[in-house]
Each structure stands twice: as structure tokens, then as C-alpha cells.
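# Per-entry structural report
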Amino acid sequence: MEVLVIPSWYPNGEDKLMGVYHKEFCDALAINKNINVNMLFIERERLNKPLKYIFMKKDYVIKENGYKTYVKRMLNVERISFKWQLKRYVKVLDQAFKMYLKDNNKPDIIHAQVTIPAGYAACKLGKKYGIPVIITEHASYFNDFFKGEYNEYTKFALKYAYFTTVSNYMLENLPSYVKKMGTIPNLVDTSIFKPNKKKIKGLRLIAVSAFRKGKRIEDMLDALNIIINDFQVKDVCLTIVGDGYAKNYYLKRCDELNLRKYVNFVGRKEKKKEVAQILKQNNIFVNTSVKETFCIPAVEALACGIPVVSTKCFGPEEYIDSKCGKLVEVGNPLEIAKAIIEVYKNLDKYDEQYLRLVASNYSRENVINKTIEMYQRVIGD
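The notes below deal with the structure included here. Quick caveat, the model's predicted, so the values are computed rather than measured.

## So, the pattern of salt bridges
Working definition: two side chains of opposite charge can pair if their charged atoms are close together. By the definition in use, this model includes 19 salt bridges. Note that Lys23 is salt-bridged to Glu64, the shortest N-O span being 3.6 Å. Within this pair, whereas Lys23 is found in helix α1 (residues 20-31), its partner Glu64 is found in the loop between β3 (59-63) and β4 (68-75), the two being separated by 41 residues in sequence. For Asp219, the salt bridge is made with Arg216, and the minimal N-O distance between the two is 2.5 Å. Here the salt bridges share partners, and the residues they tie into one network are Lys23, Asp27 and Glu64.

This is the structure in C-alpha cells:
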């Protein structure tokens, strides 16, 4: 089966984590001997460096592990005109696809990641060349695609594509006219994430998060302050993996609470093995987001045999039950602190095998097998 993946984002710009799950998906898909997969990515360069863009190579190929990513660059003029930008994106994707066909067979199916822009443009491509299209939606703001200036393009995409999301809650919040739909969850390479054979002393909290407003890391810091000063737990450390525009705000908040000796900001880790090594040195994973469509790090923690304390932010609610940890309301540091202490006092009651079993539902093998079954069904239809 010939598969072409068209992502909206890809980790080859300044942010090496942007769209990394699309690459990990292709990495996993390429392992299957019955699948010949490649990726086609339209890289949108910002307008703030026009001279730099002039001298950039406009077309290039990245040799991946078992497949290739074909990249074509264009300027991103969305701030000037969204409609103009999307029209141009469709045209550039068509040009890139014609070049792709010079080296590859016509795909049996196109798998686009995120509705706008890749999903819409992929449907234009699919309609023109007679290729079925699957769209998988990842964006936390996915409901915006059914409103305002996005809506007409989303409706077109839904007419020509089989629409999937990474979580069931997303399906439940789609407009009633969306008929052809299913789920393809994000996957985790569970072979990398393994439990620590040594028992960890003290309360060791771990968070893996981008530093931005919706992640509400300030609630995590406030909860830690309550644990130390109100609950009098002194043998505690919070390790935070991540980076982003709100970093200085969180550092300042940490200083205001006098928590620097209890918090370890280790920065962004681009290699999964590094994240796996850090995870296994801790005994509770914490997520305080407002909204998560899936929350891959929480599943990675479960694969390491670590229970999770998470806010009720949609995605994690589908796999975190009372045997996996605790779910609390968003924006309530006191409840987060209480949940952490409760889980900490009952660490020995959490079954490591059960936690890993829950994570295995999102293993490479299980997710790819489900995806291939969906490909076969869509092609057959």
C-alpha cells in the first residue's frame, strides 16, 4: 500500500518539537513491510525575514528512517490574508505533489494531519487525482475550524475525507453533520519507556510541558507550595521538562514562592530516550493543562509505571482512571496538592503492570494496526 502523509507541522524549524508526533507516526508506519510511506510537507516561512527566504532552498528532501520527507517552502502571508494564504498553500502543495510523482508511485491514500491547512489542501489534491483522503485532527482549537472564515474550507474537507481525531471527546464535540469519522490516537514507543527497578525515595514529581498559558504551570507551582508549607512535606522535588515563551513568567513565580531549591527546570528534551530516563527517576507525573487533546507525556509516564495526577482537561480523561492516578478540576492548586499527596501515600497500591497495560493501548503496534485497518476500509469504500 502506497501512503502519503501530509502534515500541517513538522519539526524542522526553530521549534524541533512542533509536529514531532507526525514524524513519529511516519517512523512507526514505515516499519510495516506492507506499507510504503513518504511525507510531503509545505514549510511556511515567516514574513519577518524576507531576505533570508529569497536565498533559501525552495525544495529539498530529508532522508528519514525508512522513508523520505519531501519539503517545499513558501512564504506565510496568513497575517495579511488567510484566504490568500490557503489558496497559495493549495497551489504549492499541488506543485510539490507533481514533483513527488516523478520519484514515487501514485499513493493509494493520503493521510493529512490537522484540518487547516493540510487537510483542506489534501482534499483538493485527492479530488483532483482521485485519491481517498483521511484527516486526523490534533489541534486543541479544532472547534474553531467549524466557525467563521475557516468553516467553508472545513466543510469542503469533510465532504471529501474520512475525518478522524486523536481522542473520542473530540468526536463528541463535532457538528452533527460530520458523518464519516473515527479515532486514530497518538502513539507512544512503549519499548523506550520502562519502569525504574530501584525504589525512589521521597516525593519526586515530574512534568513534561510546553511553557505557555494554557498549560497553567503556575498551578503546579502553587500546589507544590501548598505541599511544602501547608502539608509539611519537605523531601520533595518537582522536575519540569520543557520550554516556551512563558518561561520567564514561571521562573519569576517560582522565585516569588521561594521554591527554587525544590524545582528543577531541565529545559527542552528533543530525544525521547532523554525524556524516558528523566521520567523513571520520579514517582508521580503531573499535568495541569486547561485542555489536552491527548497528552502524550502522561501515557509515557504510565508506560514507565508512574501514576498520573491530571486536571480534567479532556484527552487524559479517556485513559486515566482511579487505578492510574487522580483527576482534578482545572485551576485548583489546593485540589492538585491534595491529589498528589493522596497518590503519594498510596504509591504501593498502584499496579505497575496495569499502568503499562493502559499505555500499551497506544503502543506503536496497536495504533498502526488500527490505522492500516482504517486505510483498507477507506480505500474499499
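## Describing the packing of aromatic side chains
Summed over the entire model, instances satisfying the criterion amount to 20 aromatic pairs. Pairing Phe156 with Tyr160 gives two aromatic rings, centres 4.9 Å apart and planes at 45°, and the pair type is tilted. Here Phe156 and its partner Tyr160 are both found in helix α5 (residues 151-160), four residues apart, which amounts to about one turn of the helix. The class for Phe156 is buried, based on a relative accessible area of 17%. Ring centres of Phe211 and Tyr250 lie 5.7 Å apart, and the angle between their planes is 80°; on these two criteria the pair is classed as edge-to-face. One end of the pair, Phe211, is in the loop between β9 (203-208) and α7 (217-229); the other, Tyr250, is in helix α8 (residues 247-256), and 39 residues separate them in sequence. A cation sits over an aromatic face here: Lys124 above Phe156, 4.8 Å from the ring centre.

## Describing α7
Relative to the 18 Å expected for 13 residues at 1.5 Å per residue, α7 spans 18 Å between its end C-alpha atoms, a close match to the ideal helical length. Extensive coverage of α7 is indicated by the burial of 12 of its 13 residues. Of all the positions in α7, only Ile217, Glu218, Asp219, Met220, Leu221, Asp222, Ala223, Leu224, Asn225, Ile226, Ile227 and Ile228 are classed as buried. Each element contacted by the buried residues of α7 is listed here: β9, β10 (236-241), α8, β11 (263-267), β12 (284-287) and α11 (333-345).

## Quick look at the sheet that holds strand β8 (residues 181-183)
Backbone hydrogen bonds are what pair the strands of a sheet, in a parallel or an antiparallel way. If you trace the eight strands from one edge of the open sheet to the other, you get β3-β4-β2-β1-β5-β6-β7-β8, paired in mixed fashion. With one partner strand each, in any of the chains shown, β3 and β8 form the two edges of the open sheet. For this sheet the average axis-to-axis angle between neighbouring strands, irrespective of direction, equals 25°. By the bridge criterion, five bridges tie β3 to β4 in an arrangement that is antiparallel. Bridge pairing in β4 places Tyr60 opposite Val71. Sitting on the sheet, α1 is in contact with β1 (2-7), β2 (36-45) and β5 (109-113), with an inclination near 165° to β2.

Calculation notes
Residues numbered from 1 in each chain as written. Predicted model: local features only at pLDDT ≥ 70, side-chain atom pairs only at ≥ 80, totals over all residues. Heavy atoms only, no water. Salt bridge = Lys/Arg side-chain N within 4 Å of Asp/Glu carboxyl O. Helix = DSSP H or I, 4+ residues; strand = E, 2+ residues; numbered from the N terminus. Phe/Tyr/Trp six-rings, centres within 6.5 Å; stacked < 30°, edge-to-face > 60°. Buried < 20%, exposed > 50% of the residue type's maximum accessible area, 1.4 Å probe, protein only. Lys NZ or Arg CZ within 6 Å of the ring centre and 35° of its normal. Expected span 1.5 Å × (residues − 1). Contact = heavy atoms within 4.5 Å. Pairing = 2+ DSSP bridges. Axes fitted to C-alpha atoms, helices over the stretch in contact; angles between N-to-C directions.

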